[in-house]
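Each chain, written out:
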Amino acid sequence: MLKKITTLLFAATIATSPALADSTTTQSKGKILLVASSANELTFKDGRKHPTGYYLPELSTPAQEFIKAGYEVVVATPDGNTPALDKNSLTESLFTDGKTGLDQAMRFVLTHPSMQKPKRLGDVVKNGLGSFDALYVPGGHAPMIDLMQNADLGKALKHFHENNKVTAMLCHGPIAFSAAMKNSKAFRQAMVNGNHEQAKKLASDWPYKGYNMTVYSTQEEYGVEDWLKAKIEFYMEDALRNAGANVTVGKPDQPYVVVDRELVTGQNPFSDHQLAKAVLEKLAEQKK
């Protein structure tokens, strides 16, 4: 069914949408590393499984705006696979320009070379991160499965943090900041177990302690749980507060972005344009 939907959307996009800006046709301002999850399945508290992946506007909207601004976007995943699309994000209401935005987003993910052949994150890290100006992680539930405990992402985050390079994450994406901990896997397990005190101890070496940031709110997650009729393993707000972040959230389903030092975080899919704008502003400052 998802393949049929994406095929139909792609056909409509080719027929109605203008060509996307391509940073390779002009001199590039620089490179942005977009790290997406390799996970495609979410486990609920009761053990049931549910398909997951990235949320379409969270990946495509910032990526397209980065490209239009003159940056090259390089997509990487832990396994080097094409990231899974969460079919629940195939809805016009998530895009400020409705069907046009949805069509153009599908055109991007179905035709952009880096989306079709992502790099393996470990190879990108091994080959050096010096050529990248920023790192971006989109949401959907998938990052809470693998990215938040991925050692290669942890190395990348430390590089960007130590070099004061722009680092941005959206919606559930900010949970991936925990990968910068030495014991990120144990931290995740402590959250799954509901052991908040242990989680706090395991986060003692987290480099983002005291940073202001936002993430998909617990209140918003309650609505998703009601819709899915299941409970997720833990909440993003709790995890980041246990790690030592100063987490603030805005009203549900309204744009909300927090900028602190090199970090740019957005609360939900509706924050996609504001997050992209903030990232580009930070990059402009970084290049002065």
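Let me sum up the structure you'll find in this document.

Quick notes on the rules
Residues numbered from 1 in each chain as written. Predicted model: local features only at pLDDT ≥ 70, side-chain atom pairs only at ≥ 80, totals over all residues. Heavy atoms only, no water. Helix = DSSP H or I, 4+ residues; strand = E, 2+ residues; numbered from the N terminus. Rg over C-alpha atoms; globule rule 2.2 N^0.38 Å. Areas by Shrake-Rupley, 256 points an atom, 1.4 Å probe, with all protein chains shown as cover. Lys, Arg positive; Asp, Glu negative; His and termini not counted. Charge placed at Lys NZ, Arg CZ, Asp CG, Glu CD. Salt bridge = Lys/Arg side-chain N within 4 Å of Asp/Glu carboxyl O. Buried < 20%, exposed > 50% of the residue type's maximum accessible area, 1.4 Å probe, protein only. Contact = heavy atoms within 4.5 Å. Pairing = 2+ DSSP bridges. Axes fitted to C-alpha atoms, helices over the stretch in contact; angles between N-to-C directions. Arc of directions from axis to C-beta.

## As for the overall build of the protein chain
Counting its regular elements, the protein chain contains 11 helices and 11 strands. Relative to the globule expectation of 19 Å for 288 residues, the C-alpha radius of gyration of the protein chain, 18 Å, shows essentially globular dimensions. Of the roughly 12400 Å² that the protein chain leaves accessible, carbon and sulfur atoms contribute 50%. For the protein chain, the separation between the mean place of its 33 positive charges and that of its 31 negative charges on side chains is 4 Å.

## A look at the pattern of salt bridges
Any two side chains of opposite charge can pair, so long as their charged atoms come close to each other. Applying the stated criterion across every chain yields a total of 9 salt bridges. Taking the shortest distance from any N to any O, the salt bridge between Asp103 and Lys99 comes out at 2.7 Å. Separated by 4 residues within a single helix, Asp103 and Lys99 lie in helix α3 (residues 98–111), roughly one turn from each other. Exposure remark for Asp103: the relative accessible area of 2% places this residue in the buried category. Classification of Lys99 by relative accessible area gives partly exposed; the value is 40%. Ionic pairing is found between Lys231 and Glu225, a salt bridge with its closest N-O pair at 3.3 Å. Residue Lys231 is classed as partly exposed on the basis of its relative accessible area of 43%.

## Digging into the side chain of Asp133
Tracing the sequence through the fold places Asp133 in strand β6 (residues 132–137). What makes Asp133 buried here is its relative accessible area of 15%. Contact partners of Asp133, with chain neighbours within four places excluded, come to Lys29, Gly30, Lys31, Tyr71, Phe160, Lys165, Val166, Leu283, Gln286 and Lys287.

## Quick look at the environment of Gly139
Structurally, the position occupied by Gly139 is in the loop between β6 and α6 (151–162). Owing to a relative accessible area of 1%, Gly139 belongs among the buried residues under this scheme. Once residues within four sequence positions are removed from consideration, Gly139 is found in contact with Gly53, Tyr54, Tyr55, Glu58, Leu170, Cys171, His172 and Gly173.

## Notes on the sheet that holds strand β10 (residues 257–260)
Strand order in the open sheet formed by 7 strands is β5-β4-β1-β6-β7-β11-β10, with mixed pairing between adjacent strands. With partners counted over all chains shown, the strands left at the sheet margins are β5 (119–120) and β10, one partner each. Bridge count for β6 against strand β7 (residues 166–170) is 4 bridges, and the pairing is parallel. Note on β7: the bridge partner recorded for Leu135 is Thr167. With respect to the sheet, helix α2 (residues 56–68) is in contact with β1 (30–35), β4 (71–77), β6 and β7, its orientation differing from that of β4 by roughly 150°. Its contacts with the sheet place helix α11 (residues 272–286) against β1, β4, β6, β7, β10 and β11 (263–266), and it is angled at close to 175° to β7.

## Observations regarding helix α9 (residues 218–228)
Those residues of α9 not exposed but buried are Thr218, Glu220, Glu221, Val224, Glu225 and Leu228. End-on, the buried residues of α9 take up no more than an arc of 150°, which puts them together on one face. Of the exposed residues in α9, the ones pointing more than 90 degrees away from its buried face are Gln219, Asp226 and Trp227. Looking at the packing, one finds that the buried side of α9 touches β3 (49–51) and α10 (236–243). One or two steps after α9, the chain reaches Lys229, where phi turns positive at roughly 60°.

Such coordinate-based values are descriptive only and should not be taken to indicate function.
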